[in-house]
Amino acid sequence: MNINLDTVAELTGGKIIKGDPSLVISGVASLLDATPSEASFLGNEKYFQDFLTTKAGLVLVPPQLPQYPEGTAFVEVENPSMAFNALVKHFHTSVQQFVPGIHPSASIDPSAKFNADKVQIFANVSIGPNVVIGDGAQIGANTVIYGGVKMGNDCKIHANVTIRERCELGNRVIIQPGAVIGADGFGFLMGPEGKYVGIDQVGIVELKDDVDVGANSCIDRARFGRTIIGEGTKIDNLVQIGHNVVVGKHCIIVAQTGIAGSSVIEDYCTIAAQVGIAGHLRIGKKAVVGAKTGVISSLEGGKMYWGMPASPYRDACRELSALKKLPALIKELKELKKTLFSEE
Amino acid sequence: MNINLDTVAELTGGKIIKGDPSLVISGVASLLDATPSEASFLGNEKYFQDFLTTKAGLVLVPPQLPQYPEGTAFVEVENPSMAFNALVKHFHTSVQQFVPGIHPSASIDPSAKFNADKVQIFANVSIGPNVVIGDGAQIGANTVIYGGVKMGNDCKIHANVTIRERCELGNRVIIQPGAVIGADGFGFLMGPEGKYVGIDQVGIVELKDDVDVGANSCIDRARFGRTIIGEGTKIDNLVQIGHNVVVGKHCIIVAQTGIAGSSVIEDYCTIAAQVGIAGHLRIGKKAVVGAKTGVISSLEGGKMYWGMPASPYRDACRELSALKKLPALIKELKELKKTLFSEE
Amino acid sequence: MNINLDTVAELTGGKIIKGDPSLVISGVASLLDATPSEASFLGNEKYFQDFLTTKAGLVLVPPQLPQYPEGTAFVEVENPSMAFNALVKHFHTSVQQFVPGIHPSASIDPSAKFNADKVQIFANVSIGPNVVIGDGAQIGANTVIYGGVKMGNDCKIHANVTIRERCELGNRVIIQPGAVIGADGFGFLMGPEGKYVGIDQVGIVELKDDVDVGANSCIDRARFGRTIIGEGTKIDNLVQIGHNVVVGKHCIIVAQTGIAGSSVIEDYCTIAAQVGIAGHLRIGKKAVVGAKTGVISSLEGGKMYWGMPASPYRDACRELSALKKLPALIKELKELKKTLFSEE
């Protein structure tokens, strides 16, 4: 598994800019932790000091750095983070390999359809009636799949996940532990006796191809019709997606963000952490919404937003920096009035 | 299952204001998705444009709209959303019907008390000693009920839920997947050696009749005594309720909100999403707290609040809109001073 | 189990300042709920009114109160909350005692190593290959432990927890239900075809001795290397800790807070609820970060911070109180200009 400098250059598509051809690399680590036989990478300028003092045998670097440490080999690449991933892949192989088989403790309804030679179902999984599972699926231990769920090929569902009735997953969907797909949407009407009455939530959730859902995230089923997460969209941990939300393709939704019912997020949006988006809104294509933003009206695509409530990013920065000057401003105005009127 | 216009009017308690009596409705959908054989509804003025261009065969409408599309039937009702629910109920029946029975893989302590002919217990459920379960209960797959828990009639506990020791549920309580009832409250004291020591959390959680708890929400047990969620209160997903909190009757608590230890929320409050309420506070009856609000002092009932920290709603709106003018204001003051003093 | 006044003084290390030696205490309750045969405590000045009207037979009190109610006994202690915990311990014993044994429904890989006479494994637990579990461990029902996990002595893992492959836990670690340790970090690179490609996450999570993790919290595994939670640190419910984060010793992280990838929280920090900390930052030793704060740059230790974005606490208070005056200020400036220029 050990590799030399030439192999590093080959695996990463990079150019050796300094280094002893006899150097042998046996693993990967961060700039701070790496030893003279390990490779690291400089992926963020914040770590430039760590770079200058690293003991790594080799560092993957972006082009044209102002300074380089002594005694270390360098391979120059376009994108050090992406290139490093190739080395990580070389040195690590996933512990949980795909080994087809059905654990005897799994409870599987006889009407469920899958090729038992081509799926891996772990201990204590519960699979309801009429579930359909494509080839290559891994279903983690203690996961519960309600009746009528359909799943494409090569899905990886981790442990303790819940997928409720009739939800549909495309191909290569990855769900981290504890996520809940298809819980009832949160809809109530105030009844005549002063008590809330639940609105039936008979729709489903559809996760398209290559969607990732983070640990303990929740995506609610539609009142009717579908809550949809578009192809290639990646959702982090503890995210809440309300009923009838439609998220487009290739979006990023970071941890602890919540999107209320019936809002639409168009393709290629990035929604940072702890954002709240109110219901029945539309976020345009390629919009970027900064962390902790509160979105209370629809946003045009292609722009960056921040603040509470959301403003165009530069306005939000100006407002927040103005707020820091406000206590002094109040004093200043008071003094000005005193100068003008009281001391005549 | 298909129904005609008269049956729609009957099911919804509405009045036919336009429509061919021979029209046959075969399902329900949104204004955008509905076909000429499906019914839809106009429940929010934001969808008025969709209404004008809908292909739905029938729309449930509120009284006195300024304009109506051609070629569609209308049934006028007081509350279109509530009326539509009657149609949804007609066309959909829950996949997971109540079918009494105990799955053989469930692990049930012999001291647990329930009528095996009147409850439905799914696969891999774990039920501890001295648990009491009322008739009509559904306990979802892989749910864990610790010792001493008591549950009234007709509760619906979904999959992968955890209910810890001695907690008490009333009748018709619904718990979505992944929720945790009765985890230890978060209480520590700094010990003499500079290490935190946990305070014993020996109380319980009590969920009164008709409480709903959302997916992956957490309600902590009391230090001693009870954390209480009042009758008819509905809690959304990923909500955190701290130890010894008391929530009144018929409250709504929206997703990702957190309520810290020992606070009291009186009856009929609405707490919107991502709100934080500090500990040991009291929120008065019928208060409404807007999304993302930070509550750091007690709030009088019957009013609406917003902002960080919480202000009366109209003040919060004024403050936020003033903030948007602040960068210009700073410039203005600077120019005024220049005019007054520098250019004489 | 009933105790008299002398025993209360002995258990709590307190001094009897008033009370009939024949008084018998049979339990503990809050000031509002306690009966004449129960003990309570005054731990927070907010409850002084409840104290003056309590029916408790005995109250643990801090030194030198301005006023005391009639008819109640008092034991004076340094820290009433801590002293009260001694009484709680006396009157309550945990329902779920440690009783070694392996439930027959547990699915345990034959390569897992533990002393079956010294651990308690509940129903439907799934334990993967090469797991190592120390003596005194309790593994709650339906918890899933992936292959290669190592756990020290006397850990208490509650129900429905997921611990993913190769993560390491020290001694006396407590994990509340539904928590997820070691889910994949949220890291993606935009691929050449406009699709996100996941970065391999091959590191682990390490929870040091005496760490507590709250219900449904998520701690992501490192991209490579380790996400580390330091000795004695206590994490509340629904907290998100990103990949490669390093939290020091004896920190407190309150509910619904999120810490993004690679940030470092030094020892003895307190991070209040719903805080967001961006990635690649450093929070200095003994820093205190107030609820809902947004941290977007590194913070010096030993200080208190609040606001969005984080300011030193007193500045944040001044800014927020200035904001409340801003609408009036705008009016004032307009009137001043009118006075100066228009009415001449």
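Just so you know, these numbers come straight off a predicted model, no measurement behind them. (Residues numbered from 1 in each chain as written. Chains lettered and ligands numbered in written order. Predicted model: local features only at pLDDT ≥ 70, side-chain atom pairs only at ≥ 80, totals over all residues. Heavy atoms only, no water.)

**Considerations on the overall build of chain A**
Under the convention used in this document: Helix and strand assignments come from DSSP, with helices taken as H or I runs of at least 4 residues and strands as E runs of at least 2, each series counted from the N terminus. Within these notes, the globule rule equals 2.2 Å times the number of residues to the 0.38 power, and the radius of gyration is based on C-alpha atoms. Only protein chains enter the area calculation, which uses a 1.4 Å probe; residues under 20% of their type maximum are buried, those over 50% are exposed, and those in between are partly exposed.
Per the secondary structure count, chain A includes 4 helices and 39 strands. What you see for chain A is a C-alpha radius of gyration of 26 Å, clearly larger than the 20 Å of a compact globule of 344 residues, by over 25%. C-alpha atoms of chain A, sized along the principal axes, occupy 85 × 75 × 30 Å. Each of the 344 residues in chain A was classed as buried or not, and the buried ones make up 57%.

**Thoughts on the interface of chain B and chain C**
Definition in use: Two residues form a contact once any of their heavy atoms are found within 4.5 Å. The buried area of a pairing is the accessible area, by a 1.4 Å probe, that goes missing from both parts when the two are put together, added over both. Salt-bridge detection follows one rule: a side-chain nitrogen of Lys or Arg within 4 Å of a carboxyl oxygen of Asp or Glu. Side-chain atoms alone can form a polar contact between residues adjacent in sequence; in general such a contact is a pair of N or O atoms within 3.5 Å, and within protein one must be able to donate a hydrogen while the other accepts it.
With 69 residues of chain B at the contact, the number on the chain C side is 62 residues. Taken together, the two surfaces of chain B and chain C that pack against each other cover about 5,000 Å², and 63% of this comes from carbon and sulfur. Looking at the side of chain B facing chain C, the largest losses of area belong to Phe 186, Tyr 196 and Phe 224 of chain B, adding up to 14% of the total buried there. Seen at the junction of chain B and chain C, the total is 4 salt bridges. For the salt bridge of Lys 324 of chain C with Glu 319 of chain B, the shortest nitrogen-to-oxygen distance reads 3.2 Å. Between the two partners, chain B and chain C, sit 31 residue pairs in polar contact (both at pLDDT 80 or more). Looking at the side of chain B that touches chain C, the element that brings in the most residues is helix H4 (residues 313–342) of chain B, giving 12 residues.

**A look at the sheet that holds strand S23 (residues 204–207) of chain B**
Residue and element names in this part refer to chain B. How we decide: Here a strand pair is declared whenever DSSP counts at least two bridges between the two strands.
Pairing is parallel across the open sheet formed by 8 strands, whose spatial order is S12-S15-S18-S23-S26-S29-S32-S35. This sheet does not close on itself; its edge strands, each paired only once, are strand S12 (132–133) and strand S35 (282–283). When strand S15 (residues 150–151) meets strand S18 (residues 168–169), the two strands line up parallel, connected through 2 bridges. Counted as the bridge partner of Met 151 is Leu 169 from S18.

**Some thoughts on the relation of the copies chain C and chain A**
Applicable threshold: The copies are overlaid by a least-squares fit using only the C-alpha atoms of residues whose pLDDT is at least 70 in both copies.
Once chain C has been moved 0.0 Å along the axis and rotated by 120°, it coincides with chain A to within an RMSD of 0.1 Å. Classification of the inter-copy transformation places it as that of a three-fold axis.

**Some words on the interface of chain C and chain A**
Just so we agree on the cut-off: Throughout, the ten residues Ala, Val, Leu, Ile, Met, Phe, Trp, Tyr, Cys and Pro are labelled nonpolar, Asp, Glu, Lys and Arg are labelled charged, and all others, Gly among them, are labelled polar.
Tallying the contact residues gives 69 residues for chain C and 61 residues for chain A. Applying the counting rule to chain C against chain A returns 31 residue pairs in polar contact (both at pLDDT 80 or more). If you list the elements that add at least two residues to the side of chain C that touches chain A, you get strand S20 (180–183), strand S21 (188–190), strand S22 (196–198), strand S25 (218–220) and helix H4 (313–342) of chain C. In terms of residue count, H4 of chain C provides more of the side of chain C that touches chain A than any other element does, 12 residues in total. Residue composition of the side of chain C that touches chain A, by class: 29 nonpolar, 27 polar and 13 charged.

**Some words on the pairing of strand S7 (residues 73–76) of chain B**
All names here are of chain B. Of the two faces of S7, the one holding Ala 73 and Val 75 and the one holding Phe 74 and Glu 76 are both buried throughout. Taken together, the 3 bridges between strand S2 (residues 15–18) and S7 define a ladder with antiparallel strand orientation. Bridge pairing in S7 places Lys 15 opposite Glu 76. Pairing analysis gives 4 bridges linking strand S6 (residues 58–61) to S7, with the strands arranged parallel. Paired with Leu 60 across the bridge in S7 is Val 75.

**Topic: the sheet that holds strand S9 (residues 107–108) of chain C**
All names here are of chain C. The strand order across the open sheet formed by 10 strands is S9-S11-S14-S17-S20-S25-S28-S31-S34-S37, and the pairing between neighbours is parallel. With partners counted over all chains shown, the strands left at the sheet margins are S9 and strand S37 (294–295), one partner each. The pairing of S9 with strand S11 (residues 126–127) spans 2 bridges and is classified as parallel. By the bridge assignment for S11, Ile 108 is matched with Ile 127.

**As for the packing of helix H1 (residues 5–12) of chain A against helix H3 (residues 80–91) of chain A**
Residues and elements named next belong to chain A. Keep this limit in mind: Structural elements are reduced to axes, namely lines fitted to C-alpha atoms, with helices fitted over the stretch in contact, and the angle between N-to-C directions of any two is expressed from 0 to 180 degrees. Crossings are sorted by hand: turned counterclockwise from the far helix by less than a right angle, the near helix makes the crossing left-handed, and turned clockwise it makes it right-handed.
At a minimum axis separation of 8 Å, H1 and H3 run at an interaxial angle of 115°. Our pair here, H1 against H3, has a crossing hand that is right-handed. Of the residues in H3, those touching H1 at Val 8, Leu 11 and Thr 12 are Ala 83, Ala 86, Leu 87 and His 90. Each residue belonging to the contact of H1 with H3 can be placed in one class, and the counts come to 5 nonpolar, 2 polar and no charged.

**Describing the domain arrangement of chain A**
Condition: As annotated, the domain borders come from an automatic or database domain assignment.
Each domain of chain A was delimited in the assignment, giving domain 1 (3–95) and domain 2 (101–313). Relative to domain 2 of chain A, the C-alpha centre of domain 1 of chain A lies at a distance of 37 Å.

**Here we look at the side chain of Ser 40 of chain A**
Residues and elements named next belong to chain A. Along the chain, Ser 40 turns up in strand S5 (residues 38–41). At 3.0 Å, the side chain of Ser 40 forms a polar contact with the backbone nitrogen of Leu 31. Apart from the residues lying within four places of it in its own chain, the contact partners of Ser 40 are Ala 29, Ser 30, Leu 31, Ala 34, Ala 56, Leu 58, Val 59, Leu 60 and Phe 84.

**Quick look at the packing of aromatic side chains**
How we decide: Side-chain rings of Phe, Tyr and Trp, where Trp is taken by its six-membered ring, are said to pair if the distance between their centres is within 6.5 Å; with planes under 30 degrees apart they count as stacked, over 60 as edge-to-face, and otherwise as tilted. Whether a charge lies above a ring is judged from NZ of Lys or CZ of Arg, which has to be within 6 Å of the ring centre and within 35 degrees of the ring normal.
Counted according to the given criterion, the structure contains 27 aromatic pairs over all chains. Judged by centre distance (6.0 Å) and plane angle (40°), the ring pair of Trp 306 of chain B and Tyr 313 of chain B falls under tilted. For Trp 306 of chain B, a relative accessible area of 8% puts it in the buried group. One aromatic cluster is present, formed by Phe 48, Phe 51, Tyr 68 and Phe 74 of chain A through successive ring pairs. Of note, Lys 286 of chain A hangs over the ring of Tyr 268 of chain A, and the distance from its end group to the ring centre comes to 5.9 Å.

**A few points about the pattern of salt bridges**
Under the counting rule described, the total for this entry stands at 45 salt bridges over all chains. When salt bridges with common partners are traced through the structure, they connect Glu 168, Glu 206, Lys 208 and Arg 226 of chain A into a single cluster.

**Section: the environment of Ala 179 of chain A**
Residue and element names in this part refer to chain A. Following the sequence through the fold, Ala 179 ends up in the loop between strand S19 (174–175) and strand S20 (180–183). Note: C-alpha distance between Ala 179 and Glu 78 (101 residues apart in sequence) is 36 Å. Setting aside residues no more than four positions away along its own chain, Ala 179 makes contact with Val 161, Thr 162, Val 213, Gly 214, Asn 216 and Ser 217.

**Regarding the environment of Cys 269 of chain B**
Structurally, the position occupied by Cys 269 of chain B is in the loop between strand S32 (264–265) and strand S33 (270–271). If sequence neighbours within four positions are ignored, Cys 269 of chain B has contacts with His 250, Cys 251, Ile 252, Ile 283, Gly 284, Lys 285, Lys 286 and Ala 287 of chain B.

**Regarding helix H3 (residues 80–91) of chain B**
As a reminder, the rule being used: By this rule the span expected of a helix is its residue count minus one, scaled by 1.5 Å.
Compared with an ideal rise of 1.5 Å per residue, which puts 12 residues at 16 Å, H3 of chain B spans 17 Å between its outermost C-alpha atoms and is within 8% of the ideal. Listing the buried residues of H3 of chain B in full gives Pro 80, Ser 81, Ala 83, Phe 84, Asn 85, Leu 87, Val 88 and Phe 91 of chain B.

**Quick word on a nonpolar patch on the surface**
We count it as follows: Each patch is built from residues that are more than 30% exposed by relative accessible area and take part in no salt bridge. Like charges join if they lie within 9 Å; nonpolar side chains (Val, Leu, Ile, Met, Phe, Trp, Tyr) join within 5 Å. Shrake-Rupley sampling with a 1.4 Å probe provides the accessible areas, and residues are treated as covered by the protein chains on show and by no other component.
Side chains of Val 288, Met 304 and Tyr 313 of chain C sit close together on the surface and give an oily, nonpolar patch of about 230 Å² of accessible area. Residue position: Met 304 of chain C is located in strand S38 (residues 304–306).

**Some details on the confidence of the model for chain A**
Definition in use: On a range of 0 to 100, pLDDT expresses the predictor's confidence in each residue.
A residue-level look at chain A finds 98% of positions with pLDDT of 70 or above and a mean pLDDT of 94. For this predicted complex, the interface score ipTM comes out at 0.92, alongside a pTM of 0.94.

**Comments concerning the environment of Met 308 of chain B**
Mapping Met 308 of chain B onto the fold places it in the loop between strand S38 (304–306) and strand S39 (311–312). Residues Met 308 of chain B and Gly 294 of chain B, spaced 14 residues apart in sequence, show a C-alpha to C-alpha distance of 4.9 Å. With residues near it in sequence (within four places) discarded, Met 308 of chain B still touches Gly 294 of chain B together with Ala 291, Lys 292, Trp 306 and Leu 320 of chain C.

**Description of unusual backbone geometry**
Of note, the amide linkage connecting Met 308 of chain B to Pro 309 of chain B takes the cis form, showing an omega dihedral of -5°. With respect to the helices and strands, the residue Pro 309 of chain B is situated in the loop between S38 and S39. Notably, Asn 130 of chain B is not glycine yet its phi reads approximately 65°, a positive angle. With respect to the element layout, Asn 130 of chain B can be found in the loop between strand S11 (126–127) and S12. With a phi angle near 60°, Asn 216 of chain C is a residue other than glycine that sits in the positive phi range.

**A word on the side chain of Thr 12 of chain C**
Residues and elements named next belong to chain C. Among the secondary structure elements, Thr 12 is positioned in helix H1 (residues 5–12). Here the side chain of Thr 12 touches Gly 14 through a polar contact of 3.3 Å, landing on its backbone nitrogen. Setting aside residues up to four positions removed in sequence, Thr 12 forms contacts with Leu 60, Val 75, Val 77, Ala 83 and Leu 87.

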